[in-house]
Amino acid sequence: MKRRTFLARGGGLVGAAALGSKAAQTLAGGELLPPPARDPARGARLPRSGGRIVVVGAGAFGGWTALHLAEAGVEVVLVDAYGPGSARATSGGDSRGLRFAYGDRAIYTRWAVEAAQRWRVRQEEWGTELMLTTGRISLFPALTEATRTTMSVLEGAGVDHEWIEGAEVGRRWPQVAPAGVGGALWEPDATAIRANLACRVVAANVEAAGGELRVARALPPSDGPAPAAGRLPALGFEGGDSLEADAFVFACGSWLAGLFPDLLGDQISVPRRDVFFFGPPAGDDRFSHPNLPNFSEGSRSVYGFPDLDGFGFKVAPFGGLDPFDPDTDERVPAAHWLRRAREYLALRFPAMADQPLVHSRVCQLENAPGDHFLIDRHPELENVWIAGGGSGHAFKHGPVLGEYIARRVLGQETDPELDALWRVSAPD
Ligand SMILES: Cc1cc2nc3c(=O)[nH]c(=O)nc-3n(C[C@H](O)[C@H](O)[C@H](O)COP(=O)(O)OP(=O)(O)OC[C@H]3O[C@@H](n4cnc5c(N)ncnc54)[C@H](O)[C@@H]3O)c2cc1C
């Protein structure tokens, strides 16, 4: 932890309700520069803004938000209790998938398209391979109206895709036993993102853009310095330090409900997830990237990835609701989930059925109503923002999410439909 800067220091934007407004920047003595030309591949560089913003949480939401703020010239402090992409964070672990198929939820398809482009540009800019183009097959018992709708949304968004009949699935990927598979939706441009690496690289680039990264646990606003006139003056930390800022973004994933129990206690649930990695037979690379795509089979509540980076062939059964404490619960995989994973292997990847478990991960989701994100200003503290509710699908959107959240916090234009979709409902 860098203690040097744990000092109570006045930020610039006294009394500004929303950072980034012309009035606020004038108050801050900052200069309002015209927005530079938009680079559609990379995302907009936001107009330069003054002031200090503390972002709590260096996962997919917080890391990318801090990056966009730092690149806009804001003095950013990115704080994480365990560091970016830790084993406790939902954004940690080896990989996350980037798919485009989102049923009829066209907004998430559009965002995934934009995000994929930005991930590519960023990895090139940073000289680090963050994504692997794996492709993805979603297996179905039959072609239904719902899948036709998904495909028409993909068509509208210009996403390459194909419906493959069941027998053809077995011919293209002989590792897959297609019994009972009516067909598959093939997304050739779907990818796997190296999750933990990406979190660390994003945080390093926050620092490179002038931001500061600290390892410290923030206290809930209710336990820190008292709010005054509907604003939080400073954030308290475990150990007694505090930090003043103009705005605070709480991007705390599955910890959000505990930080804001009255506001979010009923809106975010935190179920555990057990993820298994099986070792392919020696000398057999049929189950490794690039020889097999990511796969999912919703009717059997299982998804998985080929062996990436030597972690093993990933099989993740889903659907449980057992609550999980991300700070204190031990991450020992449960026997019944392992059994489910093995049953699936026996059915769909018989050559892997008796292969040993070589790695496992127990993590947690932060599910919000309707699986929609929760991004909003705190109803009582005008300079406090909530950003989370990833609901099992937010990681891929990081580069777009970060710009969107930064815009909200800076008081810049965003899509009102999205603002409404991701609103935090006030408690009854
Ligand atoms: C098994 C599984 C599979 C998934 N698969 C996909 C997928 O394929 N594709 C996809 O796009 N998404 C996927 N997701 C969802 C995605 O990973 C999450 O939506 C996303 O990572 C959430 O990011 P976050 O920033 O909200 O939370 P987190 O990554 O948990 O980050 C929150 C951070 O806040 C920090 N923090 C919390 N409280 C404090 C505090 N008081 N002080 C300081 N720091 C604090 C934590 O240490 C943590 O690092 C999956 C999730 C799981 C669990």
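The structure under discussion appears in the preceding block.
Here the structure is a predicted model, which is why all the values come from computation and not from measurement.

**Examining the pairing of strand 1 (residues 52–56)**
A regular strand places its side chains so that they alternate between the two faces of the sheet.
And step 1. Burial within strand 1 is extensive, with 5 of its 5 residues counted as buried.
And step 2. Across the two faces of strand 1 the burial is the same, with Arg-52, Val-54 and Val-56 and Ile-53 and Val-55 all buried.
And step 3. Pairing geometry for strand 1 and strand 2 (residues 75–80), over 5 bridges, is parallel. Across the sheet, Arg-52 pairs through a bridge with Glu-75, a residue of strand 2.
And step 4. Where strand 1 and strand 12 (residues 247–250) come together, 4 bridges link them in parallel fashion. Opposite Val-54, over in strand 12, you have Phe-248 as the bridge partner.

**Structural notes on the sheet that holds strand 12**
And step 1. Spatially, 6 strands are ordered 9-2-1-12-19-18 in an open sheet, and the strand pairing comes out mixed. Looking at the sheet topology across the chains shown, the edges are occupied by strand 9 (212–215) and strand 18 (374–377). Neighbour-to-neighbour, the strand axes of this sheet turn through a mean angle of 15 degrees, independent of strand direction.
And step 2. Relative to the sheet, helix 6 (residues 195–208) contacts strand 2 and strand 9, its axis offset from that of strand 9 by approximately 130 degrees.

**Details of helix 4 (residues 145–156)**
And step 1. In a regular helix each residue adds 1.5 Å, so 12 residues correspond to 16 Å; helix 4 covers 16 Å between its end C-alpha atoms and thus fits that length.
And step 2. Those residues of helix 4 not exposed but buried are Thr-150, Val-153 and Leu-154. Axial view of helix 4: buried residues confined to an arc of 100 degrees, hence all on one face. Among the exposed residues of helix 4, those pointing more than 90 degrees away from its buried face are Glu-145, Arg-148, Ser-152, Glu-155 and Gly-156.
And step 3. Contacts from the buried residues of helix 4 go to helix 3 (106–126) and strand 7 (183–187).
And step 4. One or two residues past the end of helix 4 sits Gly-158, with phi positive at roughly 70 degrees.

**A closer look at the packing of helix 2 (residues 60–71) against helix 6**
And step 1. Interhelical geometry of helix 2 versus helix 6 gives an angle of 25 degrees and a closest axis separation of 9 Å. The angle between helix 2 and helix 6 falls in the class roughly parallel. Pair helix 2 / helix 6 crosses with left-handed handedness. Contacts from Gly-63, Trp-64, Ala-66, Leu-67 and Ala-70 in helix 2 reach Cys-199, Val-202, Ala-203, Asn-205 and Val-206 in helix 6.

**Some details on the environment of Glu-343**
And step 1. Tracing the backbone shows Glu-343 in helix 9 (residues 335–348).
And step 2. Sequence spacing of Glu-343 and Ala-353 is 10 residues, and the spatial spacing of their C-alpha atoms is 7.8 Å.

**What about the site of the ligand?**
And step 1. Neighbouring residues of the ligand: 37 residues in total, closest Gly-57, Gly-59, Ser-91, Gly-253 and Gly-390.
And step 2. Every element with two or more residues in the shell around the ligand is listed here: helix 2, strand 2, strand 3 (95–98) and strand 13 (272–278).
And step 3. Per-element accounting of the shell around the ligand gives the leading share, 3 residues, to helix 2.
And step 4. Residue classes in the shell around the ligand are distributed as 18 nonpolar, 13 polar and 6 charged.

**Considerations on the pairing of strand 13**
And step 1. For strand 13, the buried fraction is high: 6 of the 7 residues fall into the buried class.
And step 2. With 3 bridges joining them, strand 13 and strand 16 (residues 313–317) adopt antiparallel strand pairing. Pairing of Phe-278 across the sheet is with Phe-313, part of strand 16.

**What about the packing of helix 3 against helix 10 (residues 398–409)?**
And step 1. The geometry of helix 3 relative to helix 10 is characterised by a closest axis approach of 7 Å and an angle of 100 degrees between their N-to-C directions. Of the possible angle classes, the one that applies to helix 3 and helix 10 is roughly perpendicular. On helix 10, the residues touching Trp-111, Glu-114, Ala-115, Arg-118, Trp-119 and Arg-122 of helix 3 are Gly-398, Pro-399 and Val-400.
And step 2. In terms of residue class, the contact of helix 3 with helix 10 is built from 5 nonpolar, 1 polar and 3 charged.

**Looking at the sheet that holds strand 8 (residues 191–194)**
And step 1. Reading across the sheet, the 3 strands line up as 3-8-4 and stay open at both edges, with antiparallel pairing between neighbours. In the strand order of this sheet, the two ends are held by strand 3 and strand 4 (131–133), each with one partner. For this sheet, the mean inter-axis angle between neighbouring strands, taken without regard to orientation, is 25 degrees.
And step 2. Sheet topology places strand 3 next to strand 8; 4 bridges connect them, and they run antiparallel. Bridge pairing in strand 8 places Arg-96 opposite Ile-193.

**Observations regarding the environment of Gly-304**
And step 1. Position of Gly-304 relative to the elements: it lies in strand 15 (residues 302–305).
And step 2. By the C-beta count within 10 Å, which is 26 here, Gly-304 ends up buried.
And step 3. Along the primary structure Gly-304 and Arg-136 are separated by 168 residues, whereas in three dimensions their C-alpha atoms are 9.6 Å apart.
And step 4. Other than its neighbours up to four places away in sequence, Gly-304 contacts Phe-295, Phe-313, Lys-314, Val-315 and Ala-316.

How each quantity is defined
- Residues numbered from 1 in each chain as written.
- Predicted model: local features only at pLDDT ≥ 70, side-chain atom pairs only at ≥ 80, totals over all residues.
- Buried ≥ 20, exposed ≤ 12 C-beta atoms within 10 Å, placed from the backbone.
- Helix = DSSP H or I, 4+ residues; strand = E, 2+ residues; numbered from the N terminus.
- Pairing = 2+ DSSP bridges.
- Axes fitted to C-alpha atoms, helices over the stretch in contact; angles between N-to-C directions.
- Contact = placed C-beta atoms within 7 Å.
- Expected span 1.5 Å × (residues − 1).
- Arc of directions from axis to C-beta.
- Parallel < 35°, antiparallel > 145°, perpendicular 65-115°, else oblique.
- Left-handed = near helix turned anticlockwise from the far one by under 90°.
- Near = placed C-beta within 6 Å.
- Nonpolar A, V, L, I, M, F, W, Y, C, P; charged D, E, K, R; others polar.

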